[in-house]
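Letter by letter, the chains look like this.
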Number of protein chains: 2
Amino acid sequence: MKTYKVKDLLNSTKPIDDVIVKGWVRTFRNNQFIALNDGSILHNIQCVVDFENTPAETLKRITTGAAVAVKGNLAESQGAGQKYEVKVTELQILGDSDAEKFPMQPKKHSLEFLRENAHLRVRTNVFGAVMRVRSVLSFAIHQYFQERGFVYVNTPIITGSDAEGAGEMFRVTALPAQNPPLTEDGKVDYKQDFFGKETNLTVSGQLEGETFAMALGQIYTFGPTFRAENSNTSRHLAEFWMVEPEVAFNDLDANMDLAEDFIQYVIKYAVERCADDLKFLDQRLFDEEKSKPQAERSELGLLEKLNFVLENNFKRVSYTEAIDILKNSKPNKNKKFSYIIDEWGADLQSEHERYLVEKHFKCPVILFDYPAKIKAFYMRLNDDKKTVRAMDILFPGIGEIVGGSEREERLDVLQEKIAELGIDEKELWWYLDTRRFGTATHAGFGLGFERLVLFVTGMTNIRDVIPFPRTPQNAEF
Amino acid sequence: MKTYKVKDLLNSTKPIDDVIVKGWVRTFRNNQFIALNDGSILHNIQCVVDFENTPAETLKRITTGAAVAVKGNLAESQGAGQKYEVKVTELQILGDSDAEKFPMQPKKHSLEFLRENAHLRVRTNVFGAVMRVRSVLSFAIHQYFQERGFVYVNTPIITGSDAEGAGEMFRVTALPAQNPPLTEDGKVDYKQDFFGKETNLTVSGQLEGETFAMALGQIYTFGPTFRAENSNTSRHLAEFWMVEPEVAFNDLDANMDLAEDFIQYVIKYAVERCADDLKFLDQRLFDEEKSKPQAERSELGLLEKLNFVLENNFKRVSYTEAIDILKNSKPNKNKKFSYIIDEWGADLQSEHERYLVEKHFKCPVILFDYPAKIKAFYMRLNDDKKTVRAMDILFPGIGEIVGGSEREERLDVLQEKIAELGIDEKELWWYLDTRRFGTATHAGFGLGFERLVLFVTGMTNIRDVIPFPRTPQNAEF
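Source: prediction; values computed, not measured.

### Brief notes about the overall build of chain A
Right, so step 1: When helices and strands are tallied, chain A shows 14 helices and 17 strands.
Right, so step 2: The principal-axis extent of the C-alpha atoms belonging to chain A is close to 85 × 60 × 45 Å.
Right, so step 3: For chain A, the proportion of its 477 residues judged to be buried stands at 60%.
Right, so step 4: Contacts in chain A between residues far apart in sequence, at least 24 positions, make up 67% of those at least 6 positions apart.
Right, so step 5: Of note, chain A has its 60 positive side-chain charges centred 5 Å away from the centre of its 72 negative side-chain charges.

### Some thoughts on a negative patch on the surface
Residue and element names in this part refer to chain A.
Right, so step 1: Taken together, D162, E198, D424 and E427 make up a surface patch of like negative charges.
Right, so step 2: Looking at where E198 falls in the secondary structure, it is placed in the loop between strand 9 (171-173) and strand 10 (199-201).
Right, so step 3: Look at E198 and you get partly exposed, because its relative accessible area is 38%.

### A look at the interface of chain A and chain B
Right, so step 1: Contact with chain A, which involves 112 residues of that partner, is made by 112 residues of chain B.
Right, so step 2: Roughly 8600 Å² of surface becomes buried between chain A and chain B when both sides are summed, with 63% attributable to carbon and sulfur atoms.
Right, so step 3: Its largest share of buried area at the contact with chain B, chain A owes to F194, F249 and F437 of chain A, together 9% of the area lost on that side.
Right, so step 4: The tally of links from chain A across to chain B stands at two salt bridges.
Right, so step 5: Between E476 of chain B and K197 of chain A there is a salt bridge, and its shortest N-O distance comes to 4.0 Å.
Right, so step 6: If you look at where chain A meets chain B, you find 37 residue pairs in polar contact (both at pLDDT 80 or more).
Right, so step 7: Looking at the side of chain A that touches chain B, the element that brings in the most residues is helix 4 (residues 125-147) of chain A, giving eleven residues.

### Remarks on helix 11 (residues 350-361) of chain B
Since the α-helix turns once every 3.6 residues, residues separated by three or four places project in the same direction.
Residues and elements named next belong to chain B.
Right, so step 1: Here helix 11 is twelve residues long and its end C-alpha atoms lie 15 Å apart, about the 16 Å a rise of 1.5 Å per residue gives.
Right, so step 2: Buried residues of helix 11: H352, E353, Y355, L356, V357 and F361, and no others.
Right, so step 3: Here the buried face of helix 11 lies against strand 13 (315-318), helix 9 (319-327), helix 10 (330-333), strand 14 (365-371), strand 15 (387-395) and strand 16 (399-406).
Right, so step 4: Phi for K362, located one or two positions after helix 11, is positive at around 55°.

### Quick notes on the relation of the copies chain A and chain B
Right, so step 1: Taken as rigid bodies, chain A and chain B are interconverted by a rotation of 180° and an axial shift of 0.0 Å, the fit giving an RMSD of 0.0 Å. What the rotation and shift describe, once combined, is the action of a two-fold rotation axis. Of every C-alpha in chain A, the one belonging to V172 of chain A sits nearest the axis of rotation, 2.4 Å from it.

### Digging into the sheet that holds strand 17 (residues 442-448) of chain B
Residue and element names in this part refer to chain B.
Right, so step 1: Spatially, eight strands are ordered 7-11-12-17-16-15-14-13 in an open sheet, and the strand pairing comes out mixed. Two strands close off the open sheet at either side, each with one partner strand: strand 7 (151-152) and strand 13.
Right, so step 2: With five bridges connecting them, strand 16 and strand 17 associate as antiparallel partners. The residue bridging G404 from the neighbouring strand is F445, located in strand 17.

### Regarding the sheet that holds strand 9 of chain A
Right, so step 1: On the basis of which strands lie adjacent, the open sheet formed by six strands has the order 8(A)-10(A)-9(A)-9(B)-10(B)-8(B) and antiparallel pairing. Each edge of the sheet is formed by a strand with only one pairing partner; in this case those strands are strand 8 (158-159) of chain A together with strand 8 (158-159) of chain B.
Right, so step 2: In this sheet, strand 10 of chain A lies alongside strand 9 of chain A in antiparallel orientation, the contact comprising two bridges. Bridge assignment links V172 of chain A to a residue of strand 10 of chain A, and that residue is T199 of chain A.

### Let's talk about the packing of helix 7 (residues 275-290) of chain A against helix 8 (residues 302-311) of chain A
Residues and elements named next belong to chain A.
Right, so step 1: One can describe the packing of helix 7 onto helix 8 by two numbers: an axis separation of 8 Å at closest approach and a directional angle of 115°. Here L278, K279, L281, D282 and L285 of helix 7 lie close against helix 8, whose contacting residues are L302, L303 and L306.
Right, so step 2: Taken together, the residues of the contact of helix 7 with helix 8 sort by class into six nonpolar, no polar and two charged.

### Description of the packing of aromatic side chains
Right, so step 1: One pass over the full model with this rule turns up 59 aromatic pairs over all chains.
Right, so step 2: A ring pair is formed by F249 of chain A and W24 of chain B, whose centres lie 5.2 Å apart and whose planes are at 35°; its orientation type is tilted. Of this pair, F249 of chain A sits in the loop between strand 12 (239-248) and helix 6 (252-273) while W24 of chain B sits in strand 2 (residues 16-29), on two different chains.
Right, so step 3: On the accessibility criterion, W24 of chain B (4% relative accessible area) is buried.
Right, so step 4: Judged by centre distance (6.4 Å) and plane angle (80°), the rings of F377 of chain B and Y431 of chain B are edge-to-face. Remark: Y431 of chain B occurs in helix 13 (residues 429-436) and F377 of chain B occurs in the loop between strand 14 and strand 15; sequence separation between them is 54 residues.
Right, so step 5: Residue class for F377 of chain B comes out buried when judged on its relative accessible area of 5%.
Right, so step 6: By relative accessible area, Y431 of chain B is classed as buried at 0%.
Right, so step 7: Geometry around Y265 of chain B places R148 of chain B over its ring, the cationic atom sitting 5.2 Å from the centre.

### As for the environment of V88 of chain A
Right, so step 1: Relative to the elements of secondary structure, V88 of chain A occurs in strand 6 (residues 84-95).
Right, so step 2: Every residue in contact with V88 of chain A, bar those within four places of it in the chain, is listed here: C47, V48, V49, D50, V70, K71 and G72 of chain A.

### Thoughts on unusual backbone geometry
All names here are of chain B.
Right, so step 1: In the Ramachandran plot, K385 falls in the positive-phi region, its phi being about 65° despite a non-glycine side chain.
Right, so step 2: The residue K385 is located in the loop between strand 14 and strand 15 in this model.
Right, so step 3: Even without a glycine there, the phi angle at F477 is positive, about 75°.
Right, so step 4: Along the polypeptide, F477 turns up in the segment after helix 14 (449-457).
Right, so step 5: Relative accessible area serves as the criterion here: at 5%, F477 is assigned to the buried category.

### Focus: the pattern of salt bridges
Pairing of side chains with opposite charge becomes possible as their charged atoms draw close.
Residues and elements named next belong to chain B.
Right, so step 1: One pass over the full model with this rule turns up 56 salt bridges over all chains.
Right, so step 2: Here K60 ties to E57 by a salt bridge, and the two come within 3.8 Å at their closest N and O atoms. Note that K60 and E57 are positioned in helix 2 (residues 56-60) at a spacing of three residues, about one turn of the helix. Neither residue differs from the other here; K60 and E57 are each classed as exposed.
Right, so step 3: E408 serves as the salt-bridge partner of R410, at 2.7 Å between the closest nitrogen and oxygen.

### Digging into the pairing of strand 16 (residues 399-406) of chain A
Residue and element names in this part refer to chain A.
Right, so step 1: Counting buried positions along strand 16 yields six of eight residues, so the element is predominantly enclosed.
Right, so step 2: When strand 15 (residues 387-395) meets strand 16, the two strands line up antiparallel, connected through six bridges. The partner of D392 across the bridge, within strand 16, is G403.
Right, so step 3: Hairpin remark: strand 15 followed by strand 16, antiparallel, with three residues in the connecting loop; positive phi at G397, about 80°.

### Things to note about the confidence of the model for chain A
Interpreting fine coordinate detail is not advised for predicted regions of low pLDDT.
Right, so step 1: When pLDDT is averaged across chain A, the result is 96; 99% of the residues are at 70 or more.
Right, so step 2: Both scores are available for the predicted complex, with the pTM at 0.98 and the ipTM at 0.97.

### What about the packing of helix 4 of chain A against helix 6 of chain A?
Residue and element names in this part refer to chain A.
Right, so step 1: Packing of helix 4 against helix 6 leaves a shortest axis separation of 9 Å and a crossing angle of 135°. The orientation of helix 4 with respect to helix 6, classified from their angle, is oblique. Crossing hand, helix 4 versus helix 6: right-handed. Between helix 4, through V136, L137, F139, A140, I141, Q143, Y144, F145 and E147, and helix 6, the contact on the second element is made entirely by L258, D261, F262, Y265, V266, Y269, A270 and R273.
Right, so step 2: For the contact of helix 4 with helix 6, the per-class residue count stands at 13 nonpolar, one polar and three charged.

Definitions and cut-offs
Each chain has its residues counted from 1, following the order in which its sequence is written. Each chain gets a letter, beginning with A, and each ligand a number, beginning with 1, in the order they are written. A pLDDT threshold of at least 70 governs which residues receive local features in this predicted model, and a stricter bar of 80 or more applies before side-chain atom pairs are shown or counted, although totals over entire chains, interfaces and linings include all residues. The basis for every side-chain value is the complete set of non-hydrogen atoms in the structure, without hydrogens or water. Here a strand is any run of E in DSSP of at least two residues, a helix any run of H or I of at least four, and the numbering for each starts at the N terminus. For every residue, the accessible area (1.4 Å probe, protein chains only) is compared with the maximum for its type, and the residue is labelled buried under 20%, exposed over 50%, or partly exposed between those bounds. Only heavy atoms matter for contacts: two residues are in contact if any of them lie within 4.5 Å across the pair. Here Asp and Glu are counted as negative and Lys and Arg as positive; His is not counted, and neither are the chain ends. Here the site of a charge means atom NZ of a Lys, CZ of an Arg, CG of an Asp or CD of a Glu. Like charges are joined within 9 Å and nonpolar side chains (Val, Leu, Ile, Met, Phe, Trp, Tyr) within 5 Å, but only among residues with over 30% relative accessible area and no salt bridge; these make up the patches. For the area figures, the Shrake-Rupley method with a 1.4 Å probe applies, and any residue is considered shielded solely by the protein chains shown. Salt bridge, as used here: a side-chain nitrogen of Lys or Arg that lies within 4 Å of a carboxyl oxygen of Asp or Glu. Buried area is calculated as the accessible area (1.4 Å probe) missing from two parts once they are joined, with the contributions of both summed. By the criterion applied in these results, polar contacts are pairs of N or O atoms within 3.5 Å in which, for protein atoms, one can donate a hydrogen and the other can accept it, and in which residues neighboring in sequence qualify only through two side-chain atoms. Multiplying 1.5 Å by the residue count of a helix minus one yields the expected span of that helix. Alignment of copies: least-squares fit on C-alpha atoms of residues with pLDDT of at least 70 in both copies. Paired strands, as defined in this entry, are two strands with at least two bridges between them according to DSSP. Here an angle of 0 to 180 degrees is reported between the N-to-C directions of two axes, which are lines fitted to C-alpha atoms, with helices fitted over the stretch in contact. Residues were grouped as follows: Ala, Val, Leu, Ile, Met, Phe, Trp, Tyr, Cys and Pro as nonpolar; Asp, Glu, Lys and Arg as charged; and all remaining residues, including Gly, as polar. By convention, a stacked pair of Phe, Tyr or Trp rings (six-membered ring in the case of Trp) has centres within 6.5 Å and planes under 30 degrees apart, an edge-to-face pair has planes over 60 apart, and any other such pair is tilted. Only when the NZ atom of a Lys or the CZ atom of an Arg is both within 6 Å of the ring centre and within 35 degrees of the ring normal do we say a charge sits over the ring. Residue-level confidence of the predictor is what pLDDT reports, using numbers from 0 through 100. What sets the label is the angle itself: under 35 degrees gives roughly parallel, over 145 gives roughly antiparallel, 65 to 115 gives roughly perpendicular, and the rest give oblique. Each crossing gets its handedness from the near helix: less than a right angle anticlockwise from the far helix is left-handed, clockwise is right-handed.

In structure tokens:
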């Protein structure tokens, strides 16, 4: 007898005798119909128990959450709702599940409750679907870059550099927390720490990635990054995964082309490979929004929205143009924005980004050529000396999904910028070496992976698209 | 004019007029021949400069390490060593490289020197090849699992659990290092830390991975893991990447089958896709070993060794059998082992593993059914109550490359084990839930990714197969 996955049985084109299938009971109706799920696919296979010839003791143990092994024959179903079902000839309880204690009851749970049970929530339809889509998106990312000759680079997670400049960092240490060794002048003596210096969790692999791009031509990273920022929002995590491609000889235009092509590729890949899961998530979003007032509902359904992104170019707009649009916008004039835009140079807030994307252009937007003052030190200064070759890609409902730039490849300009910021050049000796030896135009970007998953699955809280979210006051599991 | 990668030009089947190619000068001979590399492939393309019509000022700037853009025609080469070359019509220096200061001179550098220049070493043939092979192996891992319906799971890097039991951990904190807040009884008050509790860097994603396998059926992780162990060896890193598949309903035999099939698949994939790089690394190893005494040289060349692994099954041997073999072995009887094996229950040292693999069986070996006392708490106890369903895969020259087990799925047995070890059950409430609700046989393993890369590339120090190695006293870059 052969063991099958539920997916294989549901996709079968003919009856099969003598199948074994193992999984977890989702529901058990009428002492007869098991809805069995093994995670291989969203749907359950119906297993029909011969209840007259099954001991009452066994029937009692077929409860929601129990693990069972079923032997039987795959046959056409007389019932509505499924083409095939398994006529059970033998049933074995592998692991019981106390129906009164199992937290994942066959009913609707709040997302908050499910977050507290992140180790079990993946046994629900919603989280099974989200995690399968996440996995397929990850693979699409690797495939996109590998097919195009990019080299995957694992930049370090523990960094001795504190000049990455993207946010607050977590310290990594093996020193005793209490009474750490001190130097003669009474400071913590990091020389005695594991790495012989102060170390932190990386906020970006970009700087190291650039050194590899300047040798291998095209590289990408895809790994965890960290922010020790006390942001308790639905869009921020303390630990999240980031994709950072970097390409030698690319300028900002080529960088925008790459980012747009890349995003469309991975979304298309998910739409094609995760049809079942996305259809289910599309319906979920629709149901969720039913209870909302019309004005708060999405204009497009999930699948419509994904197809819209695939079929339309992203709108490319300079920061300066965007400021003009915002200055003259109704919410600005009517003082509906929390931050009123009155002059060039202002940093855009989430409300402004959303206005541009959702109200004005009604499509993904690439903003570029930002004021130097509000962007990172490594971005290439334009000839106007005021703006840098930065770009942000803004998505409906998500805001910034990509941030990137052409990098400052001129050693002297970069050194000047570093000095202005008061960063010690010695900290970045190796980064500056890429500008000392064979420097060239290059560009790259970072994509926040969870924001992409959020967009593709139609979930609204970023804690619901990563297996075990890390946020302020929360590192359970 | 179209821009080409060096790889495309070298693989061209016909001459092409009007090509642009950009890269870094490896060497410049006779004021005429540039060996140009862009990282897309091991080999350089020869670019022939019309030196009579090129300003002397420009010729002087064509130095090792300089970035250049070349326009010209791809034509058949009259010289030996290459089929095609570029007849340069226009040459632009993009970025200079001071020949006297550029550390990567066109000569043999020691691996130690190159480690100190990890940001530049990837511009050498050896490290270019290693990093391309590493990237292709990563992709092979994802492809293997995705093709088989496994779900990729990003288990958390920052963990609040200190019961992973695989080694010393790094602490992650946002508290001030100096004078952290204290509780009333004078201990560090982790309630005031970012996550409201003490947190560490993960040593394994297995426990979280199991919770997902018990919902999605087949999962794998592939991410960084950490050990704060002061091991300054050629086989240990403080930060390394690990692959951890976990499969519901698999027993130890199925686990061994999976591990063997998986390893053979990814090695085969690299052998097929990285022919150039591996041929080069094969020659490198041969050259390296020439200077060694015969007895210390590898019996097989690199490619021979890889093919040997593909063509032969791994030998499966119980721990008990292995102990018998070792007890009766010459080095044991002649007291050549540092640790003499005299009784059942001894933990095997690297010297014993190497004897079994390299001298006795002369092939990869899977050892299984280890004494419970020397293995982790979550491994399934055999009926003999002395051994557990653990397995280690041992590779020639590498030692342990995989460690895995069938997991203890019985709640009561697991609870007893946890109590014996003095672990607080409350710490693992969520892990135990998988045994409370629908428990079932399941199994998985961890593959140390850098050890695989070491094996496939024939490098001998693990610091040379990861972009920026983290080891005691070393977190540069």
